[in-house]
Amino acid sequence: MTPASETEDIARRLGLPFQPEIDDSTVETTLLMRLPLAFARNNLLLPLREEDGTLIAAAGDPANLLALDELQGVFSMPVQAVAVPRQTVMDAINRLYGRMSGSAQEVVEELEGVELSAIATEFNEPKDLLDLTDEAPVIRLLNSILFQAVKERASDIHIEPFERELEVRFRIDGILYKMLEPPKVVQEALISRVKIMSGLNIAEKRLPQDGRLRVIVAGRDVDIRVSIIPTFFGERIVLRLLDKQRGVISLTNIGLSENNVKTMERLLSRSNGIILVTGPTGSGKTTTLYAALNRVNSPEKNIITIEDRWNTS
């Protein structure tokens, strides 16, 4: 029995309506603003609309009556549950709440109304770093930058200091685009926040450092390789994003023509040889190599890769 049919069976036994999908255009997003994301995720509940004083909500676990009672208390109105497959509810929650999240530019605009003199020294001492709450402006700024980069399918984030400004650029489809200019005064705090998240030495500012961090963005597991290089106007950061949920793309889906796919498969079937994959940053070298490895991978083969240090230039 599939997860969808299991949910439909539960709905039938509980006497609840069932729908297999959620149409985003029918969801009243103003209702989402009243329900914390953590509650929605933990209980697989998504408010859909209000009808005649009753809240219609998608329930991935319609048998969880306690959660439905809590939802009724949050909105102070009766709740009518609609059974929806669990994964469908979770995907809709991540999708819809993700659209509500403000862009990095909006966070920068919010910073204009904040007293920034304290932020410049907020990260001067390592002991102060861990005392910051999630509401700290710099933390919200970095989170927004990461969220926006994942949403726009960027492969790299470049945070570059200049004499009087700080610039953030995204590499999308191999091309760098200027996204925003945070206030120069948050530069040191922003760099220190990245170092803390990636386990680097925040006191070291004269030598290059490499690290990595892992974040969850709208339910997606993203690995980030971090490269920090000192420059004349401060440290420059390059973040390479590796979205695990995109999976390994096959040779037929990386943009090769049918003839080139056949040529690659013929070469990969040989017992020895070398295939050179070249191109600029973000052009798909790693994707192509992993697609090739995936093509030759099998239980009876032992595959070992020999790699140079990660290059995020």
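Just so we're clear, the structure is a prediction, and the values are computed from it rather than from any experiment.

About the cut-offs
- Residues numbered from 1 in each chain as written.
- Predicted model: local features only at pLDDT ≥ 70, side-chain atom pairs only at ≥ 80, totals over all residues.
- Heavy atoms only, no water.
- Salt bridge = Lys/Arg side-chain N within 4 Å of Asp/Glu carboxyl O.
- Buried < 20%, exposed > 50% of the residue type's maximum accessible area, 1.4 Å probe, protein only.
- Pairing = 2+ DSSP bridges.
- Helix = DSSP H or I, 4+ residues; strand = E, 2+ residues; numbered from the N terminus.
- Axes fitted to C-alpha atoms, helices over the stretch in contact; angles between N-to-C directions.
- Contact = heavy atoms within 4.5 Å.

Colleague: Any chance you could explain the pattern of salt bridges here in plain terms?
Modeller: As a working rule, side chains carrying opposite charge can pair if their charged atoms are close by. Within this structure, the stated rule accounts for 16 salt bridges. Arg-169 serves as the salt-bridge partner of Glu-160, at 2.8 Å between the closest nitrogen and oxygen. Take Glu-160: its relative accessible area is 7%, and that puts it in the buried class. Here the salt bridges share partners, and the residues they tie into one network are Glu-160, Glu-167, Arg-169, Lys-178, Glu-181 and Arg-236.

Colleague: Honestly, the sheet that holds strand E8 (residues 220–231) in this entry has me stumped. Any pointers?
Modeller: For sheets, the rule is that strands pair by backbone hydrogen bonds, running either parallel or antiparallel. The 6 strands lie next to each other as E6-E5-E4-E9-E8-E7, forming an open sheet whose pairing is antiparallel. For this open sheet the edge positions go to strand E6 (175–180) and strand E7 (209–217), each flanked by a neighbour on one side alone. When strand polarity is set aside, the average angle formed by the axes of neighbouring strands in this sheet is 25°. When E7 meets E8, the two strands line up antiparallel, connected through 9 bridges. Directly across from Asp-210, in E8, lies its bridge partner Ser-227. Running at roughly 45° to strand E9 (residues 234–243), helix H9 (residues 187–197) makes contact with strand E4 (156–161), strand E5 (166–172), E7, E8 and E9 of the sheet.

Colleague: Help me out: how do you make sense of the sheet that holds strand E1 (residues 45–51) in this one?
Modeller: The 3 strands lie next to each other as E1-E2-E3, forming an open sheet whose pairing is mixed. Only two strands of the sheet have a single neighbouring strand rather than two, namely E1 and strand E3 (79–83). Taking each pair of neighbouring strands and ignoring which way they run, the sheet shows an average axis angle of 30°. Where E1 and strand E2 (residues 54–59) come together, 6 bridges link them in antiparallel fashion. Paired with Glu-51 across the strands is Thr-54, a residue of E2.

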